[in-house]
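Overview (structure and organization)
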Amino acid sequence: MATLDDLRRTAETLPGSEERATTGGAAWFVRNKLYAWECHPWPSIPEEVRAIVAAELVVGVKVADPVDAMALKQMAPDVFLRTTTPWGEPKIAFRMAGIELDHLAELVTEAWRVQAPKYLRREFDER
């Protein structure tokens, strides 16, 4: 089972990544753009999704395209949740208990790529 510490370890390797405490929990930014966050059971979340978020650790990440989010949901509907809130699309939320560590690292890195400027992506790729 993946944890926020596992997410932190991946985020620490990404140039310009910064963790911040927010009202809803931990969140990760690159150049002030949100790319990953701990989900919180806000009243605006659909009730069935809010119940899951309240009961277990759920993380959201940015994705490049809504089609990517749809593919993830179809691939593992018990892990990937339908949208939590309407803001910030495209994004995907997932149950940390159902994510393998390598898949978590891939999701976080790709979310960072969506938000990172070209020079930081180039720096990361050159490592």
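Coordinates for the structure precede this section.
In this report, the structure presented in the accompanying data block is examined. (Residues numbered from 1 in each chain as written. Predicted model: local features only at pLDDT ≥ 70, side-chain atom pairs only at ≥ 80, totals over all residues. Heavy atoms only, no water.)

Concerning the pairing of strand β3 (residues 33-38)
To keep things clear, this is the line we draw: The pairing criterion is simple: DSSP has to find at least two bridges between the two strands. Segments assigned H or I by DSSP are reported as helices when at least four residues long, segments assigned E as strands when at least two residues long, and all are numbered from the N terminus.
Looking at chain direction, strand β2 (residues 25-30) and β3 are connected through four bridges and run antiparallel. Across the sheet, W28 pairs through a bridge with A36, a residue of β3. Where β3 lies against strand β4 (residues 58-62), three bridges are found, and the strand directions are antiparallel. Looking across to β4, one finds that W37 is bridged to G60.

A closer look at the nonpolar core
This is how the line gets drawn: In this description, a nonpolar core means a group of buried Ala, Val, Leu, Ile, Met, Phe, Trp, Tyr and Cys residues linked to one another through side-chain atoms lying within 4.5 Å. Three exposure classes are used, based on accessible area relative to the maximum for each residue type with a 1.4 Å probe and protein chains only: buried under 20%, partly exposed in between, and exposed over 50%.
Among the nonpolar cores identified, the biggest contains 29 residues, and W28, Y35, F80, F94 and L104 are the most heavily contacted of them. Among the elements that line this core, the one with the most residues is helix α4 (residues 101-115), at five residues. Residues A27, F29, W37 and C39 belong to the second largest nonpolar core, which totals twelve residues.

Topic: the sheet that holds strand β5 (residues 80-81)
Sheets are built from strands that pair by backbone hydrogen bonding, the pairs being arranged parallel or antiparallel. Within the open sheet, the six strands sit side by side as β1-β2-β3-β4-β6-β5. Their pairing is antiparallel. The open sheet has two edge strands, β1 (17-22) and β5, and neither has a second partner.

Describing the pattern of salt bridges
Short version of the rule: Salt bridge, as used here, is a side-chain nitrogen of Lys or Arg placed within 4 Å of a carboxyl oxygen of Asp or Glu.
What the rule picks out here adds up to eight salt bridges. Measuring nitrogen to oxygen at the nearest pair gives 3.4 Å for the salt bridge that ties R95 to E56. Taken together, the residues span a long stretch of sequence, with R95 in strand β6 (residues 91-95) and E56 in the loop between α2 (47-55) and β4 at a distance of 39 residues. A residue is classified by how much of its surface remains accessible, and E56, at 29% relative accessible area, is partly exposed. Measuring nitrogen to oxygen at the nearest pair gives 3.8 Å for the salt bridge that ties E110 to R113. Of the two residues, E110 and R113 both sit in helix α4, three residues apart, roughly one turn of that helix. E110 sits in the partly exposed class, given a relative accessible area of 41%. Among the residues examined, R113 registers a relative accessible area of 22% and is labelled partly exposed.

Things to note about the packing of aromatic side chains
Definition in use: Two aromatic rings, drawn from Phe, Tyr or Trp (for Trp, its six-membered ring), form a pair once their centres lie within 6.5 Å of each other, and the interplanar angle then sorts them: stacked below 30 degrees, edge-to-face above 60, tilted otherwise. Two conditions define a charge located above a ring, namely a distance within 6 Å from the ring centre to NZ of Lys or CZ of Arg, and an angle within 35 degrees of the ring normal.
One pass over the full model with this rule turns up two aromatic pairs. The residue whose ring lies beneath R20 is F29, and the NZ or CZ to ring-centre distance is 4.1 Å.

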